[in-house]
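Commentary on secondary and tertiary structure
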Amino acid sequence: MDKKTKLDALNKKWFVECKCELKKTAKQPVPGDGNAEAEIVFIGEAPGRSEDEQGIPFVGSAGKFLAEMLEAINLKREDIYITNIVKYRPPNNRDPLPEEKSACREWLLEELKIISPKLIVFLGRHAMNNFFPAEQISKAHGKLLIKQFAGMPTKYFYALYHPAAALYDGSMRGTLMADFKKIPKILKEIEKREKN
């Protein structure tokens, strides 16, 4: 069974089994999307209104900005895989609660195991704090974080500000773009580390 088929099966299973309370208010689940063979997986926080309506992550304005940044490093949406910590939209786009994150956690971890990326990129503090609770995005953004988690396919993580934050705060846009442009270098660095 190829990775794409495995992911489809995984999502079907979790559509039924996920106990997240957000299921009650969201229109539909928003599973990850993209290339099942991707070297890079981007993890956001939770679906917004457009995502909830279309059932695809990052299709709103933050998604458009993400596509723009991918283009800047010669990548397309089809080259990467993108998912969220929480698979259902929180009401009024509020922050996901700890119990909502933990209800979706196993789904996310299984997704990551199937894809087995070289690098996981966090989009925003919620995604980062799900794995690195003590880190602050203001200090960790643009840096390679290395940590071995049990059952995790990679130990390489990279934190970015959330694209939506840059849409609200123009000054962050440059920072995010600069951090984003380091991704190809980061991948090379990982390759070097893995060879040694």
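As a starting point, this report considers the structure included with it. Per chain, residue numbering runs from 1 following the sequence as it is written. Only residues with pLDDT of at least 70 get local features here, since the model is predicted, and only at 80 or more are side-chain atom pairs given and counted; chain-wide, interface and lining totals rely on the full set of residues. To obtain the side-chain values, all non-hydrogen atoms of the structure were included, while hydrogens and water were left out.

**Regarding the overall build of the protein chain**
For clarity, the cut-off: Secondary structure counts use DSSP, requiring at least four H or I residues in a row for a helix and at least two E residues in a row for a strand, with both numbered from the N terminus. Throughout, radius of gyration means the C-alpha value; the globule benchmark is 2.2 Å times the number of residues raised to the power 0.38. The classification of residues rests on relative accessible area computed with a 1.4 Å probe and restricted to protein chains. Under 20% of the type maximum is buried, over 50% is exposed, and intermediate values are partly exposed. Contact criterion: two residues are considered in contact whenever any of their non-hydrogen atoms come within 4.5 Å of each other. Surface exposure here means Shrake-Rupley accessible area, sampled with a 1.4 Å probe, where a residue is shielded only by the protein chains that are shown. Positive residues here are Lys and Arg, negative ones are Asp and Glu, while His and the chain termini are left out of the count. By convention, the charge on Lys lies at NZ, on Arg at CZ, on Asp at CG and on Glu at CD.
Scanning the protein chain from terminus to terminus reveals nine helices and six strands. Compactness check: the protein chain gives a C-alpha radius of gyration of 16 Å against a globular reference of 16 Å for 196 residues, within 12% of the reference. Seen through its principal axes, the protein chain has C-alpha atoms that stretch 45 × 40 × 30 Å. In the protein chain, which comprises 196 residues, the share counted as buried stands at 49%. In the protein chain, once contacts between residues fewer than 6 apart in sequence are set aside, the share between residues at least 24 apart is 72%. For the protein chain, the computed accessible surface area is about 9700 Å², with 51% contributed by carbon and sulfur atoms. Of note, the protein chain has its 33 positive side-chain charges centred 3 Å away from the centre of its 27 negative side-chain charges.

**Some details on the packing of helix H1 (residues 3–17) against helix H4 (residues 98–115)**
Rules: Axis lines are fitted through C-alpha atoms, for helices just across the contact stretch, and the angle between N-to-C directions can take any value from 0 to 180 degrees. Relative orientations are named as follows: roughly parallel for angles under 35 degrees, roughly antiparallel for angles over 145 degrees, roughly perpendicular for angles from 65 to 115 degrees, and oblique for any other angle. In this classification, the charged set is Asp, Glu, Lys and Arg, the nonpolar set is Ala, Val, Leu, Ile, Met, Phe, Trp, Tyr, Cys and Pro, and all remaining amino acids, among them Gly, are polar.
Between H1 and H4, the shortest axis-to-axis distance is 10 Å and the interhelical angle comes to 170°. Between H1 and H4, the angle is such that the two are roughly antiparallel. In contact with Lys-3, Lys-6, Leu-7, Leu-10, Asn-11, Lys-13, Trp-14 and Phe-15 of H1, H4 contributes Glu-106, Trp-107, Glu-110, Glu-111, Ile-114 and Ile-115. Each residue belonging to the contact of H1 with H4 can be placed in one class, and the counts come to seven nonpolar, one polar and six charged.

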